[in-house]
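# Remarks on the overall topology
Spelled out from the first residue to the last, the chains are:
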Amino acid sequence: MARGDHLVISSGDAVQPFHYAVGLHGSKFFHELKENRRIVGIKCPSCGKVYTPPRRVCGDCFVENKQWLEVGPQGVIDTYTIVRYAFIDPETGKQKPVPYGYGFIRFDGADTRFQHFVELNDARPIKIGARVEPVFAEERKGTIRDILYFRILD
Amino acid sequence: MAKKRVAVVGTGQTMHKSHRPDVNGQELINEAVKTALADAGLTINDIDAIVIGNMDHFEGINYVDCWSVDGSGGWMRPIIKLTTGGTTGSTLAIGGYHMVASGMFEKVLVIGWEKNSESDTTGAITTAFDPIWDRLVFAGAIAGLAAEGMAYMTEFGITDKDAARVSVRDRKHACNNPHAQLRKEVTLEEVLASPMLSDPIHLLDVCPRTDGACAVIMASEDVAQKICPTPAWIWGTANRHTYTYVGDLNLGEIDSMKYAAAELWRKTGITEPRKQIDVIELYQPYSFAGIIWIEAMGIIPRGKGAEYIWSGATDMGGELPINPSGGVIACNPIGATGLIRCAEACTQIMGKGGARQVPGVKMAVSTGFGGCFWTDILLYGKEKPNF
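Small disclaimer: the values here were computed from a predicted structure and weren't measured. Along each chain, the written sequence defines residue order, and numbers are assigned to residues from 1. Chains and ligands are labelled sequentially in the order written, the chains with letters from A and the ligands with numbers from 1. Owing to the predicted nature of the model, reporting of local features is limited to residues with pLDDT of at least 70; listing and counting of side-chain atom pairs is limited to 80 or more, with chain, interface and lining totals taken over all residues. Computation of side-chain values covers all heavy atoms of the structure but excludes hydrogens and water.

Counting from the N terminus, the helices are the DSSP runs of H or I reaching at least four residues and the strands are the DSSP runs of E reaching at least two. Structurally, the position occupied by B:Phe373 is in the loop between β10 (363-370) and β11 (374-381). Spatially, the C-alpha atoms of B:Phe373 and B:Arg240 are 9.0 Å apart, while their sequence positions differ by 133 residues.

Right, dumping it as C-alpha cells:
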C-alpha cells in the first residue's frame, strides 16, 4: 500500500445525490432553449433591468419580475478570461478542458451577463467588446450544455 | 448603534505554513488561542463566549464549533459558528464585535482557522456556486478575479506589469512578518515570467493555500483598558453582498467595496480616508485588487490606482502603507485570512508590529473579501470613538 492510501476517502462509483430544482423561471429558459433555440430574459417592473438568467425576484428592488422578453441570441463579451491551470471539476470528476475561454456574455437586450465557454480561435481572438453567438447542440436536453460554446463573430 | 464600545485587547496567530501535518485542526486552533490569551494576559476562564469559523466544505469536516472545543476553549462555554466563505474571518470579527457591543458578553474570543492542505480548495469553492448557472465554466477563485482584472485593464489601459508591482510590494513586506507563509522577495520580471494561470493573472500574482489559525480577543469598554493599556478600538464595520449569479456582477469595479466603505466612512466621520487612515490590511487575494479595490474604497479616484502604487505611497515608509504583514498574497489560511487582517490592523494600533510596524498608527482598516466580490470592512482607532 502506497503511503497515504489508507487515508484516501472516495465514493467509488456512487453518484452524488443532488437533484436541484431550477424553478419556474429556469424551466422556461431551458424549455425555450431546447425547443426553439431561443434565449429569454425577464424584466424588473421597477428598475427595468433585464435578467438573463431569468429569476423571480429583482434583488435590487425586491419586487417580482413578470415581463418575459426574448434576448440575444447574439451578444457581446463584457469580460472574459482564458483559464489555463488544470484542475479536477468536482461536477464530473474529470479535468476541466483547459485552456478554455470563459466569457461573461451580455445578450443583446439583457443587462446581466451569461457565463459560458467562448471559442479560442487565433483568427478571431477573444476580447472585450467582441460580438458572439451561441452554437447550439443538435440534440438538446434542456440544460446549459444545449449551448456548446459561443462563437466570435468579429 | 453599539450599546458598548468595543476594543481588541489581544491577538494570536500560528506560524502559518503550506502544510502542518504535525497538528490536527483542534491543535492548530489551540496554538492561536493560547497565543491570544497570553497576549491579553487572560486565561480561558476569563472568556464569556466564543465565535469560531472556517470555510464550509474545506477539509470535508463541518461543525468546527462542536469538534474543536478541547482546542478552542469552547468546552461548556457559549460558542457559535459563523461561516461566509472567503469573508469568514472578517465576518467573525464583525460577529464578535456585535456580541460585545450588544452588552450581552464582556469578553469574546474570536477564532478563524483553515487547513487548506487537507482540502481541494478549488473543488470546495465550486460548491459555493450555483450548480445550474455558474458551475459549467467555473474555475475556482482565480477565474472570477481574472475576469475582473481583465475588465479593469481594458478600461484603463493598465498592464500586468502594474499589477506585478503590487505583488512585489506585498512579498517584500512579508519578509518582515514571522507569521507569513511566503517570505521571499520577488522582482517584477519574476512575477511576469511566472506561469499564466488565467489571463491576466500570473502564478506570482495570487495567494497561496495555507494552514493556519488566528484568534482575537474583544472586550467591552468596561474592562478593555484594564486588560490592555493601548487596545485597538473598533470604530465601525460594514459589509455588502451584491449578486446571485456571478454574471450579475459589475466586474471591473467592486460595488460591494464601494458601498461598504462609503457606509463605514459616513458612520465614523471619515471624510478623507487617504489622509485620515494610517495603514490598511487589505484582503487582497490577487495583485490587481491592490489597484482596483483601493479606488472602490475611496482612497484614490477611479483609474488612478496604478499610478498611486508606483509612487511608493503604499510601501512601508509611504504615506499609506498597505499590507505591512505581506497580506493574502503571502499567506492565506482562508477561514482565518480575514481575521488575520483584523489582528494585523490591531497590532499596528497597539504598536506591537515589530519589524512590520508602521510608526504612529492612529487609524487602521482591515477588509475581507469572499465568495466572489463580497466585502467586509472594519475601522479601528487608537482613540476610543466619541460616538
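That covers the picture; the talk isn't over yet.
On to the interface of chain B and chain A. Here a residue-residue contact requires only that any non-hydrogen atoms of the pair lie within 4.5 Å. Listed per partner, the contact involves 32 residues of chain B and 30 residues of chain A. Taken over both partners, the interface formed by chain B and chain A buries close to 3000 Å², and the fraction arising from carbon and sulfur atoms is 64%. On the chain B side of the contact with chain A, B:Trp133, B:Leu136 and B:Val137 bury the most area, a combined 28% of that side's loss. Whenever a carboxyl oxygen of Asp or Glu lies within 4 Å of a side-chain nitrogen of Lys or Arg, that contact is scored as a salt bridge. Run the count over chain B and chain A and you get 3 salt bridges. For A:Arg84, the salt bridge identified is with B:Asp199, shortest N-O distance 2.6 Å. Side-chain atoms alone can form a polar contact between residues adjacent in sequence; in general such a contact is a pair of N or O atoms within 3.5 Å, and within protein one must be able to donate a hydrogen while the other accepts it. Inspection of the chain B/chain A interface yields 18 residue pairs in polar contact (both at pLDDT 80 or more). Among the elements of the structure, α5 (121-126), α6 (140-156) and β5 (196-198) of chain B are those that each provide at least two residues to the side of chain B that touches chain A. Looking at the side of chain B that touches chain A element by element, the count peaks at 8 residues for α6(B). Here the side of chain B that touches chain A is built from residues that sort into 19 nonpolar, 9 polar and 4 charged. When two parts are brought into contact, each loses some accessible area as probed by a 1.4 Å sphere; the total of that loss over both is the buried area. Under the scheme applied here, ten amino acids are nonpolar (Ala, Val, Leu, Ile, Met, Phe, Trp, Tyr, Cys and Pro), four are charged (Asp, Glu, Lys and Arg), and all others, including Gly, are polar.

Looking now at helix α15 (residues 334-350) of chain B. Working rule for helices: expected span equals 1.5 Å times residues minus one. Along its 17 residues, α15(B) runs 25 Å from first to last C-alpha, staying within 8% of the 24 Å computed at 1.5 Å per residue. B:Gly351 occupies a position one or two residues after α15(B) and carries a positive phi of about 75°.

We now examine the side chain of B:Thr237. Residue and element names in this part refer to chain B. As for its placement among the helices and strands, Thr237 is situated in strand β8 (residues 232-240). Residue Thr237 is classed as buried on the basis of its relative accessible area of 7%. Once you skip the residues sitting within four places of it in the chain, Thr237 turns out to touch Ile94, Tyr97, His98, Glu263, Leu264, Lys267, Ile377 and Leu378. Under the scheme applied here, a residue whose accessible area is under 20% of the maximum for its type counts as buried, over 50% as exposed, and between as partly exposed, the area being computed with a 1.4 Å probe on protein chains only.

Before going further, it helps to examine the state of the cysteines. Residues and elements named next belong to chain B. Any two cysteine sulfur atoms within 2.5 Å of one another count as a disulfide. Applying the stated criterion across every chain yields a total of 0 disulfides over all chains. Cysteine Cys207 shares no disulfide, and the gap to the nearest cysteine sulfur, in Cys331, comes to 10 Å. The structure places no disulfide on Cys228, whose sulfur is separated from the nearest cysteine sulfur, that of Cys346, by 9.7 Å. Of the residues examined, Cys228 reaches a relative accessible area of 4% and is grouped as buried.

In this section: the sheet that holds strand β5 (residues 67-71) of chain A. Residues and elements named next belong to chain A. At least two bridges found by DSSP between two strands are what make those strands a pair. Overall, antiparallel pairing links the 3 strands, which are arranged β2-β1-β5 in an open sheet. Single-partner strands in this sheet number two, and they are β2 (50-51) and β5. Bridge count for strand β1 (residues 39-43) against β2 is 2 bridges, and the pairing is antiparallel. Counterpart to Ile42 in the pairing with β2 is Tyr51. In this analysis, axes come from line fits to C-alpha atoms, helices being fitted only over the stretch in contact, and the angle between any two N-to-C directions falls in the range 0 to 180 degrees. Here helix α1 (residues 23-36) sits on the sheet and contacts β1 and β5; the angle it forms with β1, its principal contact strand, is near 150°.

Residue and element names in this part refer to chain B. In terms of burial, β10 is a largely internal element, 8 of the 8 residues being buried. Neither face of β10 is open: one carries Met363, Val365, Thr367 and Phe369, the other Ala364, Ser366, Gly368 and Gly370, and all of them are buried. Taken together, the 3 bridges between strand β9 (residues 279-281) and β10 define a ladder with parallel strand orientation. Its bridge partner being in β10, Val279 is matched across the sheet by Ala364. With 8 bridges connecting them, β10 and β11 associate as antiparallel partners. Looking at the pairing, Gly368 lines up with Asp376 of β11. With antiparallel pairing between neighbouring strands as the criterion, β10 and β11 make up a hairpin whose turn holds 3 residues, including Gly371 at a positive phi of roughly 55°.

Without other data, these values stay purely geometric and don't point to any function.
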